[in-house]
Amino acid sequence: MGLLGDLKDDVVGFVRDPTDEQKVLLVTFIAIAVADRYLYFNDIPFVVRTTAAVGVGFIVMFVVSYLYTGQLVPPDGNVDDESEREEYVDELDP
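Residues numbered from 1 in each chain as written. Predicted model: local features only at pLDDT ≥ 70, side-chain atom pairs only at ≥ 80, totals over all residues. Heavy atoms only, no water.

## As for a nonpolar patch on the surface
A cluster of nonpolar side chains, contributed by Leu4, Leu7, Val11, Phe14, Val15, Leu26, Phe29, Ile30 and Val34, occupies part of the molecular surface with about 900 Å² of accessible area. Among the elements of the structure, helix H1 (3-16) and helix H2 (20-41) are those that each provide at least two residues to the nonpolar patch. The biggest single contributor to the nonpolar patch is H1, with 5 residues. Along the polypeptide, Phe14 turns up in helix H1. The class of Phe14 is partly exposed, set by a relative accessible area of 30%. (Patch = residues over 30% accessible without salt bridge, like charges linked within 9 Å, V, L, I, M, F, W, Y side chains within 5 Å. Areas by Shrake-Rupley, 256 points an atom, 1.4 Å probe, with all protein chains shown as cover. Salt bridge = Lys/Arg side-chain N within 4 Å of Asp/Glu carboxyl O. Helix = DSSP H or I, 4+ residues; strand = E, 2+ residues; numbered from the N terminus. Buried < 20%, exposed > 50% of the residue type's maximum accessible area, 1.4 Å probe, protein only.)

Written out as structure tokens, the structure reads:
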């Protein structure tokens, strides 16, 4: 199908059944846009405006993620299993 077909499938999947991460990122994107427009209309310089908008986005992302999932950090697979040694797996090493 190619790139456009995959992009179409991703957009359709996002509209019909978004994942939890997609929902959080959508709210974050909207918060960044609102903060940027608010600072733009108050004549804040560009660098300060964009830095502050991204900062607001990060704060909103963490708050929404916590409210949506009930925890700040996603659970680790073997966090309760003390007997099993944690191993580092390099995803890029074949």
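## Section: unusual backbone geometry
The residue Asp43 is not glycine, and still its phi comes out positive at about 55°. Along the chain, Asp43 turns up in the loop between H2 and helix H3 (46-69). Under the relative-accessibility criterion, Asp43 is labelled exposed at 68%.

## Let's talk about the pattern of salt bridges
Summed over all chains, the structure comprises 2 salt bridges. Taking the shortest distance from any N to any O, the salt bridge between Asp36 and Arg37 comes out at 2.8 Å. You can call Asp36 buried: its relative accessible area is 15%. Among the ionic pairs, Arg49 bridges to Asp36, the shortest N-O distance being 3.0 Å. Here the residue Arg49 occupies a position in helix H3, and Asp36 occupies one in helix H2, the gap between them amounting to 13 residues.

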